[in-house]
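# Commentary on secondary and tertiary structure
One-letter residues, chain by chain:
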Amino acid sequence: MLQAYSHEPFTDFAIEENRSAFAAALQKVEAQLGADYPLVIGGKRLMTAETITSCNPANKSEVIGVVAKAGKEQAEQAMEAADAAFQSWRKVSPEERANLLIRAAAIVRRRKHEFSAWLVKEAGKPWKEADADTAEAIDFMEYYGRQMIALKDGKPVNSRAGEHNRYLYTPTGVCLTISPWNFAFAIMAGTTVAPLVTGNTVLLKPASATPVVAYKFVEVLEEAGLPPGVVNFVPGSGSEIGDYLVDHPKTTLITFTGSRDVGVRLYERAAAVQPGQQHLKRVIVEMGGKDTVVVDKEADLELAAQAIVTSAFGFSGQKCSAGSRAVVDQAVYDEVLERVVALTKALSVGEPTTADVYMGPVIDQAAYTKIMEYIEIGKQEARLVAGGSGDNADGFFIEPTVFADADPKARIMQEEIFGPVLAFSKARDFEEALDIANNTEYGLTGAVITTNRERIEQAKRDFHVGNLYFNRNCTGAIVGYHPFGGFKMSGTDSKAGGPDYLILHMQAKTISEMY
Ligand SMILES: NC(=O)c1ccc[n+]([C@@H]2O[C@H](COP(=O)([O-])OP(=O)(O)OC[C@H]3O[C@@H](n4cnc5c(N)ncnc54)[C@H](O)[C@@H]3O)[C@@H](O)[C@H]2O)c1
Ligand SMILES: N[C@@H](CCC=O)C(=O)O
């Protein structure tokens, strides 16, 4: 019998033994850099002429791996393999499918620092962020495994004399998983194992910036006993095979995590019924955020400053949950701003392989260019009070940047920058602060810092976000504790890591038998 779920503990890097274990894992990974990684289709390895070169964002010239790139032909082969494998996988018992996840979690746990080291090298994550990403991947497997066991007999319904009724959950078919680079392990793994454990087969298309860690995860699933064809590894261009597989008449379920524009496009395309398609596609889309930390005049101001800085600059602001807006009551605005600027100036930026570096690089040249453009926009729209510079000579490094006195409707207050850029707006009172917090098209996360109970209740009612936190940062949701997903244009609010998530991957079947 499985123990009750509790989340994977984070590594304490203040302990010397943990630091040296992590440094050893980094060395181990560094010795493996530059290798080739094939597609995995129906359990077979396949190298392609066209490839994706995954590079270290902290050191552009360092190749992490060269990964096969699926075109339409390979995407079709993968679809055929997944469709064929579905016929047997759907009959495997829920317990057996759950056990596969529990075994995979155990394998990752034994190699935890090694996986985190891949994230440091491939995604530019500082140690703590990489460790949290790996812990979350383990959590998704442990949590969804248990959730599937809890759902294996469906839900109770009424029966009558001579009539036995059941309400069961059944898989849908072939699922297309499209994952982002920013939680290159956790979200990629979570959105692969949720369809898997519910009895679907999967086409995994990871982000092109981080395909190596995804390949390593497919190896783990195989080691844990994954049958051929149940998960097919098909990295490739979003616009080429992404569109092809989204449109494919055999795709039954799409689980996408990424930007607003790609998510909306995919949502619209998936609605179109293709020739030969005999079902409507299910679509889970989890998209961007423009998240706010609200500070009330009655608040612990040091806590407020810490929460703002952690929310804005953890992993260089490259989280959908990043608190890129601080909205502060005018009575305490100057003091909070001053504390935030002081904390921001003390943050270290550098090579993420170095222990204790707070911020590494942003992911690539395109992200660097976009963020630096937003910093220029910010200089026109508001008052630069910290940071503002970047250096892309060797890697893509940008200083943590703070703008003060931004108009709530300014572009830097409205558009997702996805980098280390924080904007401050002043609010007349708490009421106006909540209005500003709600004034974007997004509704993902938010935090309120206050000691006033009435205002806590007011925010619970009126702050319109999927994940609302009080007296803490607005990032760092934990699987099984803080189910994650947003309102409005942040997505379908599917709540990854929550009790309603797996059901979205299944169809409920009513069975009524007379006897
Ligand atoms: N809400 C959440 O849970 C959540 C979590 C993580 C990231 N995000 C969001 O993700 C974004 C950052 O990630 P990103 O840069 O990887 O996003 P992205 O939209 O550029 O890419 C996401 C995935 O979609 C693929 N893709 C691109 N074009 C496609 C197409 N036409 N058809 C199908 N697939 C296509 C990409 O290759 C990648 O695998 C941010 O907006 C962030 O807020 C949201
Ligand atoms: N679940 C993560 C964010 C995922 C998106 O980037 C958090 O809560 O910080």
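Criteria and thresholds
- Residues numbered from 1 in each chain as written.
- Chains lettered and ligands numbered in written order.
- Predicted model: local features only at pLDDT ≥ 70, side-chain atom pairs only at ≥ 80, totals over all residues.
- Heavy atoms only, no water.
- Phe/Tyr/Trp six-rings, centres within 6.5 Å; stacked < 30°, edge-to-face > 60°.
- Buried < 20%, exposed > 50% of the residue type's maximum accessible area, 1.4 Å probe, protein only.
- Helix = DSSP H or I, 4+ residues; strand = E, 2+ residues; numbered from the N terminus.
- pLDDT = per-residue confidence, 0-100.
- Pairing = 2+ DSSP bridges.
- Axes fitted to C-alpha atoms, helices over the stretch in contact; angles between N-to-C directions.
- Contact = heavy atoms within 4.5 Å.
- Left-handed = near helix turned anticlockwise from the far one by under 90°.
- Nonpolar A, V, L, I, M, F, W, Y, C, P; charged D, E, K, R; others polar.
- UniProt positions renumbered as here; feature names shortened; annotations may be inferred.
- Polar contact = N/O pair within 3.5 Å; in protein donor to acceptor, adjacent residues only side chain to side chain.

## Quick look at the packing of aromatic side chains
One pass over the structure, following the stated rule, counts 17 aromatic pairs. Both rings, one in F13 and one in F22, keep their centres 5.2 Å apart while their planes meet at 85°; by these two values the pair is edge-to-face. No difference in accessibility class separates F13 from F22, as the two residues are buried. With centroids separated by 5.3 Å and ring planes inclined at 70°, the aromatic side chains of F13 and W127 adopt a geometry described as edge-to-face. Placement of F13 in the segment before α1 (16-30) and of W127 in helix α5 (residues 127-151) is noted, with a sequence separation of 114 residues between them.

## Here we look at the confidence of the model for the chain
Caution is warranted with low-pLDDT regions, since their predicted coordinates should not be read in detail. Looking at the chain as a whole, its pLDDT mean stands at 98, while 100% of the residues score no less than 70. Note on the complex model: pTM 0.98, ipTM 0.98.

## Thoughts on the sheet that holds strand β5 (residues 59-68)
Here three strands make up an open sheet; going across it, the order is β1-β5-β4 and the pairing mixed. Edge strands, defined here as strands with exactly one partner in the open sheet, are β1 (35-37) and β4 (51-56). Adjacent strand axes in the sheet meet at a mean angle of 35° when their direction is disregarded. The sheet strands contacting helix α4 (residues 112-123) are β1, β4 and β5, and the helix crosses β5 at an angle near 115°. Across the face of the sheet, helix α7 (residues 211-223) comes into contact with β1, β4 and β5 while running at roughly 40° to β5.

## Some points on the packing of α1 against α4
Two elements in contact, α1 and α4, have axes whose closest approach is 8 Å; the angle formed by their N-to-C orientations is 65°. As α1 runs across α4, the sense of the crossing is right-handed. Of the residues in α4, those touching α1 at N18, A21, F22, A25, L26, K28, V29 and E30 are H113, E114, S116, A117, W118, V120 and K121. Here the residues of the contact of α1 with α4 are counted per class, giving eight nonpolar, three polar and four charged.

## Details of the sheet that holds strand β17 (residues 401-404)
Ordered in space as β14-β17-β18-β13-β12-β20-β21, the seven strands form an open sheet in which the pairing is mixed. If you trace the sheet from one side to the other, it starts and ends with β14 (383-386) and β21 (467-470), each paired once. Averaged over all pairs of adjacent strands, the angle between strand axes in this sheet comes to 25°, irrespective of strand direction. In the sheet, β14 pairs with β17 via three bridges, with the strands oriented antiparallel. Note that in β17 the partner of L384 across the bridge is F403. Here helix α12 (residues 365-381) sits on the sheet and contacts β14, β17 and β18 (421-427); the angle it forms with β17, its principal contact strand, is near 25°.

## With respect to the UniProt feature "active site" (unreviewed entry) in the chain
Per the UniProt record, the feature "active site" (unreviewed entry) sits at E286 and C320. Of the residues just listed, which span 35 residues, no C-alpha pair is farther apart than 9.3 Å, and they cluster in one region. With respect to the secondary-structure elements, E286 resides in strand β11 (residues 282-286). When sequence neighbours within four positions are dropped, the list of residues in contact with E286 reads F256, T257, G258, G485, G486, S490, G491, T492, D493, S494 and K495. Looking at E286, its side chain comes within polar contact range of the side chain of T492, at 3.5 Å. Under the relative-accessibility criterion, C320 is labelled buried at 16%. Sequence-distant contacts of C320, defined by excluding residues within four places in its chain, comprise N182, M287, G289, D291, E416, F418, L444 and F484.

## Examining unusual backbone geometry
Located in the positive-phi region is S316, a residue other than glycine, with phi close to 55°. With respect to the secondary-structure elements, S316 resides in the loop between α10 (301-313) and β13 (323-329). Of note, the phi angle at F418 is positive, near 60°, even though the residue is not glycine. By the element assignment, F418 lies in the loop between α13 (411-414) and β18.

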